[in-house]
Amino acid sequence: ILAFTINNGVLYDFSIRIGWPQMEQFNYPTSPMPSNGSAAFTRAVSQFPVNNLQAGGVFGATTGTIVLDIARMVANAAGTAPWVLRRADGTEVVRFEANGIANQYRVNLPTLGQTTAYNAGTKIAVAWDGTNVRIAHGGNIIGTFAGVLGAVDQLRYTGNGLLELRNQLTFATADTNAQLLSYIA
């Protein structure tokens, strides 16, 4: 949205430049794809890495909370995860997965060998405290799993599908069950 404030009697000289127009196949925008005049172009997978989350104070050494309010998430195949939390060494510790059905998501904790059932609802909250991992989804606490995620330090978009977020919250501490439920209400 472009807005101007015009003062009476003042001359304005301005230019509007539009760069990299492109046609979109679907109803959501993608990042620009410079083709340098070529009609054929293969797009690389968009990456959204956020690293050093502990150094930045986003998550604690072994504690944290993340809340996702998903507008839409579509996986390339059932069980693939467009959105993951990883340790600094690249080990995936929390996978947000879609099964191809609108608003059907689950949380997979690969290092703990635990996966929740697919559940309706677009808000998911995960908290870990160095002893347990708690997951709230679909209006309830749907799982408390014993185990340590370790030092969660990266948030990644994997390219295995589409993710549109309305909102994301992160905390350095493991919030309580009551807090998790209030986030997904």
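Every chain's residues receive numbers from 1 upward, in the order its sequence appears when written. Local features in this predicted model are restricted to residues of pLDDT 70 or higher, and side-chain atom pairs are both shown and tallied only at a pLDDT of 80 or more, whereas totals for entire chains, interfaces and linings draw on every residue. Water and hydrogen atoms were dropped before computing side-chain values, which therefore reflect all heavy atoms in the structure.

Peer 1: I'd like to hear about the overall build of the chain, residue by residue, with values.
Peer 2: A tally of regular secondary structure across the chain gives one helix and eleven strands. Here the chain holds 185 residues, and 32% of them are scored as buried. Long-range pairs, those at least 24 residues apart, make up 58% of the contacts in the chain between residues at least 6 apart in sequence. In this description, accessible areas are obtained by the Shrake-Rupley approach with a 1.4 Å probe, and a residue is regarded as covered only by the protein chains that are shown. If you sum the accessible surface of the chain, you get close to 10,600 Å²; carbon and sulfur atoms cover 53% of it. Helix and strand definitions here come from DSSP, where helices need a minimum of 4 consecutive H or I residues and strands a minimum of 2 consecutive E residues; each element is numbered from the N-terminal end. Exposure classes here rest on a 1.4 Å probe applied to the protein chains alone. A residue is buried below 20% of its type maximum, exposed above 50%, and partly exposed in between. The contact criterion used throughout is that any non-hydrogen atoms of two residues lie within 4.5 Å.

Peer 1: Can you lay out the environment of Gly 90 for me, pointing to particular residues and giving the numbers?
Peer 2: Counting through the fold element by element, Gly 90 comes out in the loop between β2 (83–87) and β3 (92–98). It is 9.7 Å that separates the C-alpha atoms of Gly 90 and Val 152, two residues lying 62 residues apart in sequence.

Peer 1: Provide a residue-level description of the side chain of Asn 108, including the pertinent values.
Peer 2: Within the secondary structure layout, Asn 108 lies in strand β4 (residues 104–109). A relative accessible area of 14% places Asn 108 in the buried class. Between N or O atoms, a polar contact is any pair within 3.5 Å; within protein, one atom must be a potential hydrogen donor and the other a potential acceptor, and residues adjacent in sequence are included only when both atoms are from side chains. Within the structure, the side chain of Asn 108 is placed 3.1 Å from the side chain of Glu 97, a separation counted as a polar contact. Side chain to side chain, Asn 108 and Thr 115 meet in a polar contact 3.3 Å long. Those residues in contact with Asn 108, other than ones at most four positions away along the chain, are Val 93, Val 94, Arg 95, Glu 97, Gln 114 and Thr 115.

Peer 1: Quick one: what's the story with the nonpolar core, residue by residue and with numbers?
Peer 2: By size, the foremost hydrophobic cluster in this structure holds 26 residues, and its most contacted members are Ile 66, Leu 85, Val 94, Phe 96, Val 107, Val 126 and Trp 128. Every element with two or more residues in this core is listed here: β1 (64–75), β2, β3, β4, β7 (123–128), β8 (132–137) and β10 (152–157). Setting aside residues no more than four positions away along its own chain, Val 126 makes contact with Gly 64, Thr 65, Ile 66, Phe 96, Val 107, Val 133, Arg 134 and Ile 135. Only buried residues count toward a nonpolar core. Its members are Ala, Val, Leu, Ile, Met, Phe, Trp, Tyr and Cys residues joined through side-chain atoms within 4.5 Å. The next biggest cluster of nonpolar side chains, apart from the first, holds six residues, and it includes Val 67, Ala 125, Ala 127 and Leu 180.

Peer 1: Describe in detail the pattern of salt bridges, supporting the description with residues and values.
Peer 2: Just to be clear on terms, a salt bridge is a Lys or Arg side-chain nitrogen sitting within 4 Å of an Asp or Glu carboxyl oxygen. As enumerated under the stated definition, the model contains three salt bridges in all. With a shortest N-O distance of 2.6 Å, Glu 92 and Arg 95 are connected by a salt bridge. On the accessibility criterion, Arg 95 (16% relative accessible area) is buried. Members of the salt-bridge network, linked through shared partners, are Glu 92, Arg 95, Glu 97 and Arg 106.

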